[in-house]
Amino acid sequence: RKEVEQDPGPFNVPEGATVAFNCTYSNSASQSFFWYRQDCRKEPKLLMSVYSSGNEDGRFTAQLNRASQYISLLIRDSKLSDSATYLCVVNKVGGYSTLTFGKGTMLLVSP
Amino acid sequence: DGGITQSPKYLFRKEGQNVTLSCEQNLNHDAMYWYRQDPGQGLRLIYYSQIVNDFQKGDIAEGYSVSREKKESFPLTVTSAQKNPTAFYLCASTTGQGPSEVAELFFGEGSRLTVL
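Residues numbered from 1 in each chain as written. Chains lettered and ligands numbered in written order. Predicted model: local features only at pLDDT ≥ 70, side-chain atom pairs only at ≥ 80, totals over all residues. Heavy atoms only, no water.

### Here we look at the overall build of chain B
Rules: Strands are runs of DSSP state E lasting at least two residues, helices are runs of H or I lasting at least four, and both sets are numbered from the N terminus onward. For the radius of gyration, the atom set is restricted to C-alpha positions; the globular benchmark scales as 2.2 Å times the number of residues to the power 0.38. Any residue under 20% of the maximum accessible area for its type is buried, any over 50% is exposed, and the rest in between are partly exposed; the area is computed with a 1.4 Å probe on protein chains only.
Helices and strands together make up the secondary structure of chain B, namely zero helices and 11 strands. For chain B, the α and β elements follow one another from N to C terminus as β-β-β-β-β-β-β-β-β-β-β. Computed over the C-alpha atoms, the radius of gyration of chain B is 13 Å, within 12% of the 13 Å expected from 2.2 N^0.38 for a compact globule of 116 residues. For chain B, the C-alpha atoms occupy an extent of roughly 40 × 30 × 30 Å along the three principal directions. Relative to its 116 residues, chain B shows a buried fraction of 51%.

### A short note on the side chain of Thr 85 of chain A
To be explicit about the condition: Any two residues whose heavy atoms approach within 4.5 Å are treated as being in contact.
Relative to the helices and strands, Thr 85 of chain A is located in strand β9 (residues 84-92). Contacts of Thr 85 of chain A, omitting those with residues within four sequence positions, involve Tyr 36, Arg 37, Gln 38, Gly 104, Thr 105 and Met 106 of chain A.

### Focus: the pairing of strand β10 (residues 98-101) of chain A
Residues and elements named next belong to chain A. Keep this limit in mind: Two strands are counted as paired when DSSP detects at least two bridges linking them.
Burial along β10 is two-sided: the face carrying Thr 98 and Thr 100 and the face carrying Leu 99 and Phe 101 are both buried. Bridge count between β9 and β10: four bridges; the pairing is antiparallel. What sits directly across from Lys 92, in β10, is Thr 98.

### Re a nonpolar patch on the surface
Here is the rule: Here the term patch refers to residues with relative accessible area over 30% and no salt bridge, with like charges joined within 9 Å and nonpolar side chains (Val, Leu, Ile, Met, Phe, Trp, Tyr) within 5 Å. Residue burial considers only the protein chains on display, and all accessible areas are found by Shrake-Rupley using a 1.4 Å probe. Think of a salt bridge as a Lys or Arg side-chain nitrogen and an Asp or Glu carboxyl oxygen that are within 4 Å of each other.
Taken together, Tyr 10, Phe 12 and Leu 116 of chain B make up a surface patch of nonpolar side chains, about 390 Å² in accessible area. With respect to the helices and strands, Tyr 10 of chain B occurs in strand β2 (residues 10-13).

### With respect to the interface of chain B and chain A
As a reminder of what qualifies: Each of two parts loses accessible area, computed with a 1.4 Å probe, when they are put together; buried area is these two losses added. Counted as a polar contact is a pair of N or O atoms within 3.5 Å, where, for protein atoms, one must be capable of donating a hydrogen and the other of accepting one, and residues adjacent in sequence contribute only when both atoms are in side chains. Asp, Glu, Lys and Arg are counted as charged, while Ala, Val, Leu, Ile, Met, Phe, Trp, Tyr, Cys and Pro are counted as nonpolar; the rest, among them Gly, fall into the polar class.
Counting residues at the interface gives 26 residues for chain B and 21 residues for chain A. Between chain B and chain A, a total of about 2,000 Å² is buried, with carbon and sulfur atoms accounting for 55% of that surface. The interface formed by chain B and chain A includes zero salt bridges. Summed over the shared surface of chain B and chain A, the number is three residue pairs in polar contact (both at pLDDT 80 or more). Every element with two or more residues in the side of chain B that touches chain A is listed here: β4 (31-37), β5 (43-51) and β9 (87-94) of chain B. Top element by residues in the side of chain B that touches chain A is β5 of chain B. It accounts for four residues. Classifying every residue of the side of chain B that touches chain A by side-chain character gives 13 nonpolar, eight polar and five charged.

### Considering the nonpolar core
In plain terms, the rule: The criterion is simple. A nonpolar core is a set of buried Ala, Val, Leu, Ile, Met, Phe, Trp, Tyr and Cys residues joined through side-chain atoms within 4.5 Å.
With 23 residues, the main nonpolar core has Phe 21, Trp 35, Ile 71, Leu 73, Ile 75, Tyr 86 and Leu 107 of chain A as its most contacted residues. Of all the elements in the fold, those that place two or more residues in this core are β3 (19-25), β4 (33-38), β5 (44-50), β7 (60-65), β8 (70-75), β9 and β11 (105-110) of chain A. If you look at the next biggest cluster of nonpolar residues, it comprises 21 residues, including Trp 34, Ile 46, Leu 76 and Val 78 of chain B.

### Observations concerning the packing of aromatic side chains
Selection rule: Ring pairs are drawn from Phe, Tyr and Trp, using the six-membered ring of Trp, whenever the two centres fall within 6.5 Å, and their geometry is named by plane angle: stacked under 30 degrees, edge-to-face over 60, tilted for the rest. Here, over-ring charges are defined by two tests on the NZ atom of lysine or the CZ atom of arginine: distance to the ring centre within 6 Å, and angle to the ring normal within 35 degrees.
Considering all chains together, one arrives at 13 aromatic pairs over all chains under this definition. Through pairs of rings, three or more aromatic residues link up here, namely Phe 34, Tyr 36 and Phe 101 of chain A together with Tyr 33, Tyr 35, Tyr 48 and Phe 107 of chain B. Directly above the ring of Phe 74 of chain B sits Arg 68 of chain B, whose terminal nitrogen or CZ lies 5.9 Å from the centroid.

### What to know about the pattern of salt bridges
Under the counting rule described, the total for this entry stands at eight salt bridges over all chains. Residues Arg 76 of chain A and Glu 56 of chain A are paired through a salt bridge, measuring 3.5 Å at the closest nitrogen-oxygen approach. Of this pair, Arg 76 of chain A sits in the loop between β8 and β9 while Glu 56 of chain A sits in strand β6 (residues 55-57), and the two are 20 residues apart along the sequence. A relative accessible area of 27% places Arg 76 of chain A in the partly exposed class. Among the residues examined, Glu 56 of chain A registers a relative accessible area of 58% and is labelled exposed. Residues participating in the shared-partner salt-bridge network are Arg 36, Asp 38 and Arg 44 of chain B.

So this is what it looks like as structure tokens:
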């Protein structure tokens, strides 16, 4: 099993749609989880951290299921500006903690 | 404005040449990282440094070297030993340090290296 695995995409959705991204991670000892957003040919930027209780930030909702080692990101009422690649990120346990990035899922929102 | 500055943004080099990518941050962050990204791939960790004068190999350190002589600077040298150096290189920093502490990574705008 890969350390962090995401839906390959791309996801093509119309404006206003709801879209969900899934991510699984292999190390049950991981403690920190994030979603980053990366625009085409740009650097990644933090979208939101993912907490055990689930968290929401406007149209974005992140969920964590530790038992299944599964993370999700839900985007409601998609906007054209949401078009980007969404990276699932998990801390790598052992020694000093570093972050492991998934390959990302591309989202394309069309008018 | 605080941030991370990478240079050059675009770089072309001939096979067999070493090249050094600059990364400077004025965020007063202790930890700095170098990642490589290839098309359709996730970011892969090359080297990281938690403190001045100390650094560790990441998952793909072969063919690369780094130094951390100053807190704000973490240059990456891509040597001729790196077999497939053409990639997008990203430098990042964070306040987090220690075995389990992970904080938000702040990235520079990246350097695109093309080997001709």
